[in-house]
Every structure is written in structure tokens, then in C-alpha cells.
Amino acid sequence: MVQYQGTFGPMTAIGHWSFGERSGTFAAGSAYGAGLSYSSGPLGLAAAYDEVKTLNTAQAAGTSGSNDYGRDMRATVGASYRLGPVKMVAGYRWGNSVAPATGTPTLLPHRDDMYWLGVNWDATAALRLSLAYYYDDIKSATIGGVKTNPKNPQQYLAMADYSLSKRTDVFF
């Protein structure tokens with residue numbers, strides 16, 4: 001993997017490229033991405049894009065020399081705002097996974113939009129309490145060659161994290 005990160009005042013830029021995992025090609029199994037964040041005072045903003053060239057199952061097992069690959073693409077934007085010991089976060093992630101033209105994909109082809117909201121409260125220097133909600137709006141998925149619109153998963157999170165030291169914490 002080759003990675004670059006640079007900080008320019010309140011802006012941070014990052015980019016990466018990972019080489020493919022198949023001999024004879026740098027593309028199949030490779031990944032690349034870029035992100036930009038801004039942080040000033042209580043406000044934080046970020047955006048990123050990431051793409052992975054996915055293999056079909058025969059390629060992943062090493063039984064096919066085909067250079068056909070799928071694409072798993074993600075774009076994300078997020079924001080945070082801190083009011084004293086409370087930090088609020090929100091974000092959106094666009095996702096699109098496209099199967100290789102041949103063979104069985106290793107990743108389920110789908111198109112989705114994910115949204116999340118959260119809040120962290122630093123109750124004490126050692127105790128952080130967090131609440132979050134995640135919703136994944138799956139537009140379509142291809143399962144066994146059949147295009148479908150499955151149920152949209154959602155997740156609720158409540159967490160308490162207590163720091164015993166700089167490197168050790170317990171959470172539930």
C-alpha cells in the first residue's frame with residue numbers, strides 16, 4: 001500500500017493505493033481512495049471516496065487467470081459539532097458494488113445509501129457515553145442472479161467506555 005497524508009492548517013488530505021493481490025496484474029484486487037477533512041474549533045467536516053476492484057470466486061481461489069473484476073465503490077460525507085463535553089455527529093455513505101462480468105462475485109452486488117446520527121458525552125475525563133443510530137437504505141441487491149430489494153437494516157448503539165489508563169479501557 002502507498003499512502004499520503006498531509007495537513008495544511010485546518011485541512012487534512014489523505015490518499016492511498018493498494019496493489020492487487022493477484023500475480024500478473026496490479027488492477028484486480030487493488031484499491032484506491034482519497035479523503036479531505038476540515039476541523040476548526042467545534043466544527044468538523046469530512047468527505048472521502050474509496051474503491052476496491054473485487055475478484056470473482058474462481059479468481060480469488062486462483063483457478064482462473066481472467067482479468068475481469070467487479071467494483072466496490074463508496075463515497076462518504078460527515079460532520080461533527082462539539083458543545084463542551086458533548087459531540088454530535090452525522091453522516092451519509094453512498095455505496096455501489098458491481099459484480100464482475102463473468103463468474104460468481106465474491107461480494108454481493110448491491111446499491112445502498114447509509115445514514116447515521118450519534119452523540120458522545122464525555123461525562124468525566126475517564127468515562128465516555130455514546131448513543132448512535134445507523135440506517136442502511138438498500139436500493140437493490142442481486143442474490144443468486146435475481147435482483148431484489150431486501151429489508152433495510154438499522155442499528156441502535158448505546159456504549160459506555162471507561163479508560164483505566166492511556167492504553168487500557170473497558171466498554172459495554
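From a predicted model like this one, the values you see are computed outputs, not experimental measurements.

Caption draft 1: Just the environment of Val2, in detail. When you line up the elements, Val2 lands in strand β1 (residues 2–8). Once the C-alpha coordinates of Val2 and Ser165 are considered, the two residues, 163 residues apart in sequence, prove to be 33 Å apart. If we skip the residues at most four places from it in the chain, Val2 touches Gly15, His16, Trp17 and Phe19.

Caption draft 2: Layout of the confidence of the model for the protein chain. With 99% of its residues at a pLDDT of 70 or more, the protein chain shows a mean pLDDT of 92. Within the protein chain, helix α1 (residues 57–61) has the poorest average pLDDT of any element, 76, and strand β10 (residues 154–163) the best, 98.

Caption draft 3: Broad picture of the pairing of strand β4 (residues 43–54). When strand β3 (residues 31–40) meets β4, the two strands line up antiparallel, connected through 10 bridges. By the bridge assignment, Ser39 is partnered in β4 with Gly44. A loop of two residues connects β3 with β4, the two strands running antiparallel in sequence, and Gly41 in this loop sits at a positive phi of about 60°. Relative to strand β5 (residues 70–83), β4 runs antiparallel, the two being bridged by 12 bridges. Paired with Ala47 across the bridge in β5 is Val77.

Caption draft 4: Representation of the environment of Val86 within the structure. Its location among the elements puts Val86 in strand β6 (residues 86–98). With 26 residues separating them in the primary sequence, Val86 and Ala60 have C-alpha atoms 45 Å apart. If we ignore the near neighbours within four places in the chain, the residues touching Val86 are Tyr81, Val119, Asn120 and Trp121.

Caption draft 5: Quick look at the packing of aromatic side chains. Under the counting rule described, the total for this entry stands at four aromatic pairs. Seen in terms of ring centroids, Tyr92 and Tyr115 are 5.3 Å apart; in terms of plane orientation they differ by 45°. Their pairing is tilted. Of this pair, Tyr92 sits in strand β6 while Tyr115 sits in strand β7 (residues 110–122); the two residues are 23 residues apart in sequence, bridging distant segments of the chain. Its relative accessible area of 25% is what places Tyr92 among the partly exposed residues.

Parameters at a glance
- Sequence order sets the numbering: in each chain, residues are counted from 1 along the sequence as written.
- The model is predicted, so local features are restricted to residues of pLDDT at least 70 and side-chain atom pairs to those at 80 or more, both for listing and for counting; the totals for chains, interfaces and linings are taken over all residues.
- Note that the side-chain values use all heavy atoms of the structure and ignore hydrogens as well as water.
- For the purposes of this entry, the term helix denotes a DSSP run of H or I that reaches at least four residues, the term strand denotes a run of E that reaches at least two, and both are numbered from the N terminus.
- Contact criterion: two residues are considered in contact whenever any of their non-hydrogen atoms come within 4.5 Å of each other.
- Confidence of the predictor in every single residue is expressed as pLDDT, which spans 0 to 100.
- Pairs of strands are assigned from DSSP output, requiring at least two bridges between the strands.
- Between rings of Phe, Tyr and Trp, where Trp is taken as its six-membered ring, a pair exists when centres lie within 6.5 Å; planes separated by under 30 degrees are stacked, by over 60 edge-to-face, and by other angles tilted.
- We call a residue buried when its accessible area falls under 20% of the maximum for its residue type, exposed when it is over 50%, and partly exposed in between, using a 1.4 Å probe and counting protein chains only.

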